[in-house]
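Here are the chains, one letter per residue:
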Amino acid sequence: EKEYSQFPFKLQIENSGIYSIASFDIDNEAILFSSFTKAGIYEFKNEKFSLQSTIQKSGNDFVAGVDVQNTQLRKADTEYSHKETILFKKNFLNGKSILNDNGGNIKGTNGEEITISVPNRNQLIITSNLAELKDEIVFEFPRNLACADLIGIDKSGNIYVVIETYLSEIPLKVEREVYTISPSGNILTRLLLPNIKYLYTLKDLQIDEDGNLYHLLSYTDKAVIVKWDDLTVPTKWIVKYSDEYYENIHFNDFVTTTEITTNLSKNISGVQSGVSRTEALKIADTYVLHQYECSSSNLAPSGITAPDGDEIQTPDWLIVGMNARVPYKWGGFNTIAQFDAGLANGRYAGDINTDGVSPNYAYGVDCSGYVSRCWQLSYQANTAYMPNITTQYASWDDLKPGDAIHKVGHVRLFVERNVNGSLKFVEAAGRGWGVSYYSYLASDMSSYTPRYYNNMEDNYNDQRPTLISAEFESENLVALNWNCDTDGILGYRVYISQDGDLWNTILDENNCKTTFAEINISDSVNYFRVSSVKNDSVDFSESNWSNVLGVSNTDSEKRALIVAGFEREGGSWRGAGHTFVLKYGKALDTLDVSFNSIQNSELQNGLFQLEDYDYVFWIIGDESTVDETFNPTEQSLVSEYLERGGSFFVSGSEIGWDLDNKGTDKDKDFYNNYLKANFISDDAEYPTFASGIESTALAECSLNFGQTYEEDYPDEIEAQNGSSLCMKYSNGRGAGVEYNGQFGNTNLTDIKGNLIYLAFPLETTANDTLFNQVISNVVTFFRNNPTSITNNSQIITEYKLEQNYPNPFNPSTTIHYSIPVETRRGVSQQTILKIYDILGNEVATLVNENQQSGNYEVSFNASNLSSGIFFYKLVSGNFIDIKKMIFLK
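Residues numbered from 1 in each chain as written. Predicted model: local features only at pLDDT ≥ 70, side-chain atom pairs only at ≥ 80, totals over all residues. Heavy atoms only, no water.

Trainee: It is not clear to me how the overall build of the chain should be interpreted in this structure. Could you clarify?
Mentor: When its secondary structure is counted, the chain shows 10 helices and 65 strands. By residue count, 60% of the 889 residues in the chain fall in the buried class. Just so you have it, the chain exposes about 33100 Å², and 43% of that area is on carbon and sulfur atoms. (Helix = DSSP H or I, 4+ residues; strand = E, 2+ residues; numbered from the N terminus. Buried < 20%, exposed > 50% of the residue type's maximum accessible area, 1.4 Å probe, protein only. Areas by Shrake-Rupley, 256 points an atom, 1.4 Å probe, with all protein chains shown as cover.)

Trainee: What is the right way to read the environment of E1 from this model?
Mentor: Relative to the elements of secondary structure, E1 occurs in the segment before strand 1 (2-3). Once the C-alpha coordinates of E1 and V226 are considered, the two residues, 225 residues apart in sequence, prove to be 8.9 Å apart. Setting aside anything within four residues of it in sequence, one finds E1 in contact with K222, A223 and V224. (Contact = heavy atoms within 4.5 Å.)

Trainee: Quick question: what am I supposed to make of the packing of aromatic side chains here?
Mentor: Aromatic ring pairs are reported here in terms of the distance separating the ring centres and the angle at which the planes meet. Counted by the stated rule, this structure contains 54 aromatic pairs. Measuring from ring centre to ring centre gives 6.2 Å for F809 and F860, while their planes differ by 65°; the resulting arrangement is edge-to-face. With a gap of 51 residues between them, F809 in the loop between strand 59 (800-801) and strand 60 (812-819) and F860 in strand 63 (residues 854-861) connect regions that are remote in the sequence. Through pairs of rings, three or more aromatic residues link up here, namely Y19, F36, Y200, F251, F414, F425, Y438 and Y440. Its guanidinium or amino end placed over the ring of Y440, R412 lies 4.1 Å from that ring's centre, counting from NZ or CZ. (Phe/Tyr/Trp six-rings, centres within 6.5 Å; stacked < 30°, edge-to-face > 60°. Lys NZ or Arg CZ within 6 Å of the ring centre and 35° of its normal.)

Trainee: Help me understand helix 4 (residues 580-589), please; the structure alone is not making it clear to me.
Mentor: Residues separated by three or four positions in an α-helix point in the same direction, a consequence of the helix having 3.6 residues per turn. Burial within helix 4 is extensive, with 8 of its 10 residues counted as buried. All of the buried residues in helix 4 are F580, V581, L582, K583, Y584, G585, A587 and L588.

Trainee: Sorry, what's going on with the sheet that holds strand 62 (residues 842-851) here?
Mentor: The strands that make up a sheet are held in pairs by hydrogen bonds between backbone atoms, and each pair lies either parallel or antiparallel. Spatial strand order, 62-61-64-65: 4 strands in an open sheet with antiparallel pairing. Either end of the sheet is taken by a strand with one partner, and the two such strands are strand 62 and strand 65 (879-887). Going across the sheet, the axis of each strand differs from the next one's by a mean of 15°, ignoring polarity. Looking at chain direction, strand 61 (residues 829-837) and strand 62 are connected through 8 bridges and run antiparallel. Paired with Y836 across the strands is E842, a residue of strand 62. (Pairing = 2+ DSSP bridges. Axes fitted to C-alpha atoms, helices over the stretch in contact; angles between N-to-C directions.)

Trainee: I'm lost on a nonpolar patch on the surface in this one. Help?
Mentor: Together, I838, L839 and I869 make up an exposed nonpolar region whose accessible area comes to about 320 Å². Here L839 lies in the loop between strand 61 and strand 62. Using a relative accessible area of 71% as the deciding quantity, one classes L839 as exposed. (Patch = residues over 30% accessible without salt bridge, like charges linked within 9 Å, V, L, I, M, F, W, Y side chains within 5 Å. Salt bridge = Lys/Arg side-chain N within 4 Å of Asp/Glu carboxyl O.)

Trainee: I would appreciate a short explanation of the nonpolar core in the present structure.
Mentor: Looking at soluble globular proteins, one finds that nonpolar side chains tend to be buried together. F617, F630, F648, L675 and Y757 are the most contacted members of the largest nonpolar core, which totals 98 residues. Sort the elements by how many residues they give to this core and helix 9 (residues 768-784) lands first, with 7 residues. When sequence neighbours within four positions are dropped, the list of residues in contact with F630 reads W618, I620, Q635, V638, F648, V650, I655, D658, L659, F670 and L675. Residues V63, C147, A442 and Y448 belong to the second largest nonpolar core, which totals 65 residues. (Core = buried A, V, L, I, M, F, W, Y, C linked by side-chain atoms within 4.5 Å.)

Trainee: Can you help me understand the packing of helix 1 (residues 277-289) against helix 3 (residues 367-374) in this one?
Mentor: When two helices pack together, their arrangement is given by the angle between the helix axes and by the axis-to-axis distance. Look at helix 1 against helix 3: their axes get within 8 Å of each other, and the N-to-C directions meet at 130°. As the angle between them shows, helix 1 and helix 3 are arranged oblique. Each of A280, I283, A284, D285, Y287 and V288 in helix 1 lies in contact with helix 3, whose residues at this interface are Y370, R373 and C374. Looking at the contact of helix 1 with helix 3, its residues break down into 7 nonpolar, no polar and 2 charged. (Parallel < 35°, antiparallel > 145°, perpendicular 65-115°, else oblique. Nonpolar A, V, L, I, M, F, W, Y, C, P; charged D, E, K, R; others polar.)

Trainee: What should I look at first to understand helix 1 in this one?
Mentor: Taking 1.5 Å of rise per residue, the 13 residues of helix 1 would be expected to cover 18 Å, and the 19 Å separating its terminal C-alpha atoms lies within 8% of that figure. Across the 13 residues of helix 1, 10 count as buried, placing the element largely inside the fold. Turning to helix 1, its buried residues are R277, T278, A280, L281, K282, I283, A284, D285, Y287 and V288. (Expected span 1.5 Å × (residues − 1).)

Trainee: Could you clarify how one ought to interpret the packing of helix 6 (residues 632-643) against helix 8 (residues 665-673) in this entry?
Mentor: Their axes nearest at 11 Å, the elements helix 6 and helix 8 cross at an angle of 30°. As judged from the angle between their axes, helix 6 and helix 8 are roughly parallel. Read as a crossing pair, helix 6 and helix 8 show a hand that is left-handed. Listed contacts from helix 8 to Q635, V638 and S639 of helix 6 are K666, D667 and F670. Per-class residue counts for the contact of helix 6 with helix 8 are 2 nonpolar, 2 polar and 2 charged. (Left-handed = near helix turned anticlockwise from the far one by under 90°.)

Trainee: Honestly, the sheet that holds strand 38 (residues 449-453) in this entry has me stumped. Any pointers?
Mentor: Here we have 6 strands laid out as an open sheet, ordered 33-38-34-35-36-37, and antiparallel in their pairing. The strands lining the two open edges of the sheet, one partner per strand, are strand 33 (390-392) and strand 37 (434-440). Neighbour-to-neighbour, the strand axes of this sheet turn through a mean angle of 35°, independent of strand direction. Note: strand 35 (residues 410-417) against strand 36 (residues 423-429), 4 bridges, orientation antiparallel. Within the sheet, the bridge partner assigned to E416 lies in strand 36 and is K424. Each of strand 35, strand 36 and strand 37 is contacted by helix 3, which is oriented at about 50° to strand 35, the strand it contacts most.

Trainee: Can you walk me through the side chain of N15 in this structure?
Mentor: Along the polypeptide, N15 turns up in the loop between strand 2 (12-14) and strand 3 (17-19). For N15, the side chain forms a polar contact with the main-chain oxygen of G409, separated by 2.8 Å. (Polar contact = N/O pair within 3.5 Å; in protein donor to acceptor, adjacent residues only side chain to side chain.)

Trainee: Any chance you could explain the pattern of salt bridges here in plain terms?
Mentor: A pair can form between side chains of opposite charge whenever their charged atoms are brought close. A complete count under the given rule lists 23 salt bridges for this structure. D101 is paired through a salt bridge with K89; the nearest N and O atoms lie 2.9 Å apart. A residue pair is termed long-range when its members are at least 10 positions apart, and D101 in strand 11 (residues 97-102) and K89 in strand 10 (residues 86-91) qualify at 12 residues. For the pair D101 and K89, one class covers both residues: buried. Among the ionic contacts, a cluster of salt bridges with common partners joins K282, R493, E509 and E542.

Trainee: Help me understand unusual backbone geometry in this model?
Mentor: Residues apart from glycine generally show negative phi values, whereas peptide bonds are mostly found in trans. P806 follows Y805 through a cis peptide bond whose omega is -5°. Structurally, P806 can be placed in the loop between strand 59 and strand 60. If you check the backbone angles, E700 has positive phi at about 70° while not being a glycine. Position of E700 relative to the elements: it lies in the loop between strand 53 (689-692) and strand 54 (702-704). A relative accessible area of 73% means that E700 is categorised as exposed. Despite not being glycine, N721 shows a phi value in the positive range, around 55°. On the secondary structure map, N721 appears in the loop between strand 55 (716-719) and strand 56 (724-729).

Trainee: Would you mind going over the environment of L188 with me for this structure?
Mentor: Counting through the fold element by element, L188 comes out in strand 19 (residues 187-192). Take L188: its relative accessible area is 11%, and that puts it in the buried class. Separated by 44 residues in the primary sequence, L188 and T232 place their C-alpha atoms 5.8 Å from one another. Apart from residues no more than four positions distant in its own chain, L188 is found in contact with N158, T180, S182, L231, T232, V233, P234 and T235.

Trainee: Please explain the pairing of strand 16 (residues 145-153) as it appears in this structure.
Mentor: Burial analysis of strand 16 places 9 of its 9 residues in the buried class, which makes it a mostly covered element. Note: strand 16 against strand 17 (residues 159-168), 7 bridges, orientation antiparallel. In the strand pairing of strand 17, C147 is matched with E164.

Trainee: Where do I start with the side chain of R176 in this structure?
Mentor: Secondary-structure assignment places R176 in strand 18 (residues 173-181). A polar side-chain atom of R176 sits 2.9 Å from a polar atom in the side chain of D204.

Trainee: Explain the confidence of the model for the chain here, please?
Mentor: Regions with low pLDDT carry predicted coordinates that are not meant to be interpreted in detail. Looking at the chain as a whole, the pLDDT averages 87, with 89% of positions reaching at least 70. Counting contacts from residues 68-84, a segment whose pLDDT is below 50, to residues more than four positions away or on other chains yields 88 contacts. (pLDDT = per-residue confidence, 0-100.)

Spelled out as structure tokens, the structure:
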């Protein structure tokens, strides 16, 4: 029992909640805490607090004493700060493991798969693949079940679940009980919990391996942790606390309701009064995904007085440079375009100071401003006014995507119901001072009411497709394939874009009836996303967009395959369909590299062959052990590709943890001998910045990461089996390796492959310029190290002079050219390659010799020349070609 003033972090009261302790755990005689208001993990032992872990982000969930390696804490696969949806639970059965709980879909680091499902108000269903537990356990309820949440599993296989049931809906009152369930599915005890929750916490219940339950009770002035034992001793009675504990204390009854009561923004002209549910969710996602640049003049993390006298403070997670997601601004009501224009004019990025409003000097969105934009309102409807434009539902079961839960002082936009009955929202809130996705239990929403916008188009379709391949079949024809639940689907809408910003419908439900389409295109680069359409008898309803895939068909002979191995939607990325292929595609397009793109499942189906491509770019994201970063089939395909001389790039934060630390002998062999790395640690001491190492492929590359989605715990790696470190974190630890040479046990010693592996998700940087620089350096590394995929396995049938790279250049560039197969018949061709200035004067002869069929590359250094336009001319046999290049000092 400790008063809040004794904790090493402050208590913060905001409209959206009361924040201090984020999560807790018990480790032997110590109690560990994380906080929403201060970074780090703090240990309480012997009546003293001490900092145990310098995690850079606040609002972390964590577990202690489970699956530990060289550290007391293990983070696994969760999101942090403003995106915590997965929570950590512990399984002590057959050893210790971490369970990653994504709204009831639970996977463990030892392969456990558990589901806590609330399909309706009548049933709780628990399924498991653990041999010691019953496959399926079903409990019936009298139509009052709201949600359920796993606490953990003890060493005897007893399951601890917190059950929340409705006492009333309007106003919302919830009862909470902890069920202790035997491995065979029998209820051993039911513990009635008091409703004492002055703080919003990620977790207020925890168990140890012996089945002792720890309950964090937060009062208005203090926090108390109560330990319960003997909850595995069967009893027919409901176990209760003593009477003095049954107070009714909830943070929603104490939060501030102060808000902006006047519209501080100009009306937005041309906005429609109506909006569909899909449109509302798409608008919501744009604020989460938005990337923008901040200068020092846009930031005031310590606070500043604006010219109008208002105190402004910007969120502390913003940095000088590129950022992602729109920040919170008290009294904010800005479109994306207005926000960007405000920053360009030197305005502040958000304002978390809720004591006053600076309408002219800070830009962003608050909770009501955000929901108003998602509903396409031309004005800001503050929460006190929202009852005038919304209607209250009679039941929480009536909530549909695009609706809101509301109380005077705060509003959240509803996204979907999780499998365990908890609710997912997207909101602008003081919890993370930005627009983000969160999940909440029913007990977190006391005092809120479910409401719908009166002008909402009520139809909705949740059958969102997954785009699985995009491939050029011929010069002007692209083939698309996708998966979708086809039940009741009328057809599909296919959207096309050349830049990823402006999307147009190229096919609709009237002329696209199957999950396959062939599309005639006129541009060389195209990106696609798909939605499904249902006929709801009243009106047609469109689903949200799929993920993005793209294609490019340039004149270059170099072809790349982008593999989206990041398929799960229960990790740090919380959007409807990720757009990461778009970043890779746009980078490759600037390098004159054509590409197709696929989900990794298409490789396992044998529909695409890696050896058909000069380069492969593989996106892993933060997938980990529970998702298999590389499954056995994929390992075999990648190994064979590298053995045959392929050029392979991959990035991901948990590959080493999955394959080298937790994997089988075959996993370790693949990681050590094909990814050429050795796993050192899982957290690399929490860096968020990486830079290239001098004299390596990624020299002069540097970037922040963990911005597009949170990634605070990348793997730390070191070079292995001939590779070299090419990138390091800001703390000097290994972040990436490069390798050119032989892979595997092949006897063909002249066959060499290329590899660059980054131990963090490259796509999480918000700076596209720096992202593109990394990809450019990777392609240069591949081009400068020709492999068998290029030189040995392809039969050259025509002369080719390629565009030099880089271009413009300073001071060196590389020229590639090809001589066809006919010269293999013992006849060499006299080949001449010369450089001329813009006046036609010869400035250099690079090649003048007899050459047989093959692919060739030549370097040109112009350090002794002045900047300008130059031409290079290839003459070989009867073939002549000339190309232009630019030298810029």
